[in-house]
Amino acid sequence: MAQATKGRLNYRCPSCFMRDLDIDMFYDAQKEEFYCMRCQFIGSEAEVLRMNEMVRVRYKDMMKRFNDFEDFSE
Amino acid sequence: MDQFVVNIIHRPEMVPEYAEKVTGQGKTEDIGRKALLTESLDIFKIQQQCAHENGLKTTIQMTYASLFNDEAVALAKEHHEKYGDEIALSLLGLPCEQFREKYKTKDFCIWMFSMEDKKAIVRDVFGKFYERFGFYPESTGSYYMDADLINFIKAEYPSVKCAVATCWEEGPKAYHTCNNSWYTFMDGGPWAPWIPSKQNTHAPAANEAEDSGIVAIPHLSRDLLACYDGNGSNFGTHPQNVLRGMIYDTETWEYPYLYNLIDQYRSLAKYNNGYAYNMMFVGPGWMNKMGRWEAPYELLKKSYWDGCAYYGQLKKEGKLTDMTMSEFADFYRQKKTYTEPECALWRDILYGSNKQLFWYCDPYMRAGVNMDQGGAIFDLRPYVAKLEWPVGIGTPHIQDASYPFLMQEKYRAGYFTHYAGEGTIRSAKVCHNGEEVDLCLCRTKAHFSQEGSRRILTLDPVEIAFSDLTVKLQTVITFAEGESSIRIDRNILEMSDPDAVVTINEYMVGCYGTTEYTEDMSSLTLGVDGETIPYEYKCRELAAKDAGEVWCKLPPIDTRVSMVCEGREKSGYIKEGYAFSPMFTLGYTGKLQDKEVFTTWLKLQKAD
């Protein structure tokens, strides 16, 4: 089995990102999966992308545009 | 009319941070690779183009490596002539073959070198700059510039008047985010421009004698709420940092958060006599052709263009003034006095929590107030000590450039602790018939006002519900310019039983340090007026009726913190703490009835 490499894009581990850790994942071409060296996450690119959307759940106002920063009525 | 100033800064970094790690994966290290040098310069050109096409001038911070590159030097000269860009000099971007050959090290952060090396490198870099341009720069910078470094540069090169000198709240959090491999420990500084003191870069100068001679600007304008708890490098006016935080829509590539961040900074003019500030400083490694993490190059480029376009639009609308760093230094010197504070009433613009903080910074302190905890002070840095804190190899603080705290609710807990002990916070408890309510549990909002030299934070009243009594209480927090103290008034506006009497307990739980881990408290002394307790982790307490002052002296940070009080039946007390709760507590208790007020002042002094 050949060594792992970086993927096409340099995905971070979504599980570690959720605990404020930026860890580059490595890619196992034979199994077509990314894996994290720090934690136990493994997943396909599709799974990584799905979990990256879960990361955004905490950003409830991510797409909101604010006009008044002292107005809490909305 | 309000004035919102922006500094756009670019650096031609021939070996960009991250780029060698990213593009060189699977190859042996070679920082002289031609492809790397060419790409780096291309990114710089694109950044310049983004700014210029949006009508913005820039400060070009030449790196040491770029001074060896004829094309980079020629570009800087051309853009200075054509667009009015300032040609400045960065102490970032040291890595290159020439530097490694000369200094025999892979270190690249100027503040962590020995003082001897700092001097040699500064003379070398400034000399090389003079050789290429025929003058010395007026602006410089790094992620952090320690006081000894600034003092040396100012003495040797008096033309320097502006420097990028810290990253706001970049400390243990950034270290953890980078898998404990990013050694930039520089928490506890100002978030907006300031005049550093000669003794400590983070602590603003109180007068001409303390003036280091430069105006400092922070590296990026950061989210004053998100950065305090999360990774600072996700929440700043660095478009690619917003991508790093994944704060964008993956389908549409939209990121309104970036514009909210810029606009909230614009809104700070209300609290700072009509002036607000932003800076954008993106290293070329963040616009790598290979993409950065999950963001492809096209998105990286788009975000940078959009950032510049928004600043450009504000300029066209007359809502923004773009300046070079040296222009800004002149502006700032005219605009600000030494003791004028920087204030920021800041709200959550990302998580939907509606939390609101207030940050205050002057030459005597930096303080954070949390309205979601009833106006509790959750962070306090005693700048009054002007702590001499040499940084770098050969000093007691090789990496740790943070200004020490007396309270830091994330590193040393705040209101909430597990099982036993207390965390650092300045709050109050209201007690009645055996029931006790801490104001940390009373969520509210605040309004800012200014009366003469006093900045006043008036909180919306909160309701405290006991089983047989309801109390409506209002907190007013006053920062008086130049007085190194924080006044807190607790006003009883209404009681369901007008004859009821409640007990108030005003307290501060403190310690000292720069990280999550406790320091040795053995050298501290606590006192109620003249009676003292030397700190020995013995959980002792001392109280005195009508005490004039309760205090703690902290020799390791050359600070004396105290509380004084005006209120009915006041009694001052101190608590020593113990090994499982290595804190100290200063406080006053007293009585309150309807329409009465209980007032305390938290005072900071240099210990000696």
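Analysis parameters
- Residues numbered from 1 in each chain as written.
- Chains lettered and ligands numbered in written order.
- Predicted model: local features only at pLDDT ≥ 70, side-chain atom pairs only at ≥ 80, totals over all residues.
- Heavy atoms only, no water.
- Helix = DSSP H or I, 4+ residues; strand = E, 2+ residues; numbered from the N terminus.
- Rg over C-alpha atoms; globule rule 2.2 N^0.38 Å.
- Buried < 20%, exposed > 50% of the residue type's maximum accessible area, 1.4 Å probe, protein only.
- Contact = heavy atoms within 4.5 Å.
- Areas by Shrake-Rupley, 256 points an atom, 1.4 Å probe, with all protein chains shown as cover.
- Pairing = 2+ DSSP bridges.
- Patch = residues over 30% accessible without salt bridge, like charges linked within 9 Å, V, L, I, M, F, W, Y side chains within 5 Å.
- Salt bridge = Lys/Arg side-chain N within 4 Å of Asp/Glu carboxyl O.
- pLDDT = per-residue confidence, 0-100.
- Expected span 1.5 Å × (residues − 1).
- Arc of directions from axis to C-beta.
- Polar contact = N/O pair within 3.5 Å; in protein donor to acceptor, adjacent residues only side chain to side chain.
- Buried area = accessible area lost by both parts, 1.4 Å probe.
- Nonpolar A, V, L, I, M, F, W, Y, C, P; charged D, E, K, R; others polar.
- Lys, Arg positive; Asp, Glu negative; His and termini not counted.
- Core = buried A, V, L, I, M, F, W, Y, C linked by side-chain atoms within 4.5 Å.
- Phe/Tyr/Trp six-rings, centres within 6.5 Å; stacked < 30°, edge-to-face > 60°.
- Lys NZ or Arg CZ within 6 Å of the ring centre and 35° of its normal.

Looking only at helices and strands, one finds twelve helices and 29 strands in chain B. Here the C-alpha radius of gyration of chain B, 25 Å, is about what a compact globule of 608 residues would show, namely 25 Å. Out of the 608 residues belonging to chain B, those deemed buried represent 65%. Counting contacts in chain B only where the partners sit at least 6 residues apart, residues at least 24 apart contribute 67% of the total. For chain B, the computed accessible surface area is about 20800 Å², with 49% contributed by carbon and sulfur atoms.

Moving on to the overall build of chain A. Tallying secondary structure elements over chain A gives two helices and three strands in all. In chain A, the order of α-helices and β-strands from amino to carboxyl end is α-β-β-β-α. Scaling as 2.2 N^0.38, a compact globule of 74 residues should have a C-alpha radius of gyration of about 11 Å, whereas chain A reaches 17 Å, well beyond that. Along the longest, intermediate and shortest principal axes, the C-alpha atoms of chain A span 60 × 20 × 15 Å. Counting all 74 residues of chain A, 45% fall into the buried class.

With that settled, the discussion passes to the sheet that holds strand 2 (residues 33-35) of chain A. All names here are of chain A. One open sheet holds the three strands; their spatial order is 1-2-3, and the pairing between them is antiparallel. With one partner strand each, in any of the chains shown, strand 1 (26-28) and strand 3 (42-43) form the two edges of the open sheet. As defined by bridge partners, strand 1 adjoins strand 2 across three bridges and the pair is classed as antiparallel. Across the sheet, Phe26 pairs through a bridge with Tyr35, a residue of strand 2.

This brings us to unusual backbone geometry. All names here are of chain B. Despite not being glycine, Leu220 shows a phi value in the positive range, around 80 degrees. Overall, Leu220 belongs to the buried group, its relative accessible area being 1%. Backbone geometry at Cys539 places phi at a positive 60 degrees, although glycine is not the residue there. Within the secondary structure, Cys539 sits in the loop between strand 23 (531-534) and strand 24 (541-545).

Right, let's talk about the pairing of strand 7 (residues 275-281) of chain B for a bit. One face of the sheet, then the other: side chains in a regular strand alternate in exactly this way. All names here are of chain B. Of all seven residues that make up strand 7, seven are buried, and the element is covered over most of its length. Because side chains alternate across strand 7, one face comprises the buried residues Tyr275, Tyr277, Met279 and Phe281, and the other comprises Ala276, Asn278 and Met280, equally buried. The pairing of strand 1 (residues 3-10) with strand 7 spans seven bridges and is classified as parallel. Among the inter-strand pairings, Ile9 is bridged to a residue of strand 7, identified as Phe281.

Among the surface-exposed residues, A:Met18, A:Met54 and A:Val57 lie close enough to one another that they form a single nonpolar patch of about 280 Å² accessible area. As for its position among the elements, A:Val57 is in the segment after helix 2 (45-55).

Attention shifts here to the confidence of the model for chain B. Detail in the predicted coordinates should be disregarded across regions flagged by low pLDDT. Across chain B, the average pLDDT comes to 95, with 96% of residues at or above 70. Complex prediction metrics read pTM 0.97 and ipTM 0.97.

Okay, helix 3 (residues 70-83) of chain B next. Residues and elements named next belong to chain B. End to end, helix 3 covers 20 Å across 14 residues, agreeing with the expected 20 Å (1.5 Å per residue, within 8%). Ala72, Val73, Leu75, Ala76 and His79 are the residues of helix 3 that are buried. Each buried residue of helix 3 lies within a common arc of 160 degrees when the element is viewed along its axis, so the set occupies one face. The exposed set on the far side of helix 3, more than 90 degrees from its buried face, consists of Asp70, Glu81 and Lys82. Between a side-chain oxygen at the N-terminus of helix 3 and the backbone nitrogen of Glu71 the separation is 3.0 Å; the capping residue is Asn69.

With 48 residues of chain B at the contact, the number on the chain A side is 32 residues. Sorting the residues of chain B by area buried against chain A places B:Met246, B:Trp293 and B:Arg347 first, and these three jointly supply 22% of that buried surface. For the pair chain B and chain A, the number of links is four salt bridges. One salt bridge in this structure joins A:Arg65 and B:Asp263, with 2.9 Å as the shortest N-O distance. Contributing elements (two or more residues each) for the side of chain B that touches chain A: helix 1 (19-23), helix 7 (172-177), helix 9 (239-244), helix 10 (256-267), strand 9 (342-347) and strand 16 (446-451) of chain B. With seven residues, helix 10 of chain B is the largest single contributor of residues to the side of chain B that touches chain A. Tallied by class, the residues present in the side of chain B that touches chain A amount to 20 nonpolar, 16 polar and twelve charged.

Turning next to the side chain of A:Asp61. Here A:Asp61 shows up in the segment after helix 2. The side chain of A:Asp61 is buried and forms no salt bridge, while A:Lys64, the nearest opposite charge, is found at 4.5 Å. Contact partners of A:Asp61, with chain neighbours within four places excluded, come to A:Phe66, B:Ile349, B:Leu350, B:Tyr351 and B:Gly352.

The nonpolar side chains of a soluble globular protein tend to be buried with one another. Counting residues in hydrophobic clusters, the biggest one holds 213 residues, and the most contacted among them are B:Met62, B:Phe328, B:Phe358, B:Ile486, B:Val561, B:Phe584 and B:Leu586. Ranked by residue count, the leading element in this core is helix 11 (residues 297-316) of chain B, at eight residues. Sequence-distant contacts of B:Leu586, defined by excluding residues within four places in its chain, comprise B:Glu506, B:Tyr507, B:Met508, B:Leu526, B:Val550, B:Trp551, B:Cys552, B:Val561, B:Ser562, B:Met563, B:Tyr573 and B:Ile574. If you look at the next biggest cluster of nonpolar residues, it comprises 13 residues, including A:Cys16, A:Leu21, A:Ile23 and A:Cys39.

What follows covers helix 6 (residues 147-156) of chain B. In an α-helix, one turn spans 3.6 residues; hence positions three or four apart end up facing the same way. Listed in full, the buried residues belonging to helix 6 of chain B are B:Ala147, B:Leu149, B:Ile150, B:Phe152 and B:Ile153. Of the surrounding secondary structure, the elements contacted by the buried residues of helix 6 of chain B are helix 5 (115-133) of chain B.

What follows is about the pairing of strand 6 (residues 215-218) of chain B. Residues and elements named next belong to chain B. Judged by which residues are buried, strand 6 turns out to be covered on both faces: Val215 and Ile217 on one side and Ala216 and Pro218 on the other are all buried. In the sheet, strand 5 (residues 162-166) pairs with strand 6 via four bridges, with the strands oriented parallel. Along strand 6, the bridge assignment pairs Cys162 with Val215.

Attention now moves to the pattern of salt bridges. If the charged atoms of two oppositely charged side chains come close together, the side chains can form a pair. All names here are of chain B. If you walk through the whole model with that rule in mind, you get 46 salt bridges over all chains. Residues Lys161 and Asp330 are paired through a salt bridge, measuring 3.0 Å at the closest nitrogen-oxygen approach. Placement of Lys161 in the loop between helix 6 and strand 5 and of Asp330 in helix 12 (residues 325-335) is noted, with a sequence separation of 169 residues between them. Arg568 serves as the salt-bridge partner of Glu569, at 3.6 Å between the closest nitrogen and oxygen. For Glu569, a relative accessible area of 52% translates into the label exposed. Among the residues examined, Arg568 registers a relative accessible area of 30% and is labelled partly exposed.

This brings us to the packing of aromatic side chains. Applying the stated rule across the entire model yields 42 aromatic pairs over all chains. For the pair B:Tyr64 and B:Phe99, a centre-to-centre distance of 5.9 Å together with 80 degrees between the ring planes defines the contact as edge-to-face. Here B:Tyr64 is found in the loop between strand 2 (59-62) and helix 3, whereas its partner B:Phe99 is found in helix 4 (residues 97-103), with 35 residues between them in sequence. In terms of burial, B:Tyr64 and B:Phe99 fall into one category: buried. For the cation-ring pair, A:Arg56 lies above B:Tyr248, with the distance from its terminal atom to the ring centre recorded as 4.7 Å. In this structure, B:Lys429 packs its charged tip against the face of B:Tyr507, placed 4.9 Å from the ring centre.

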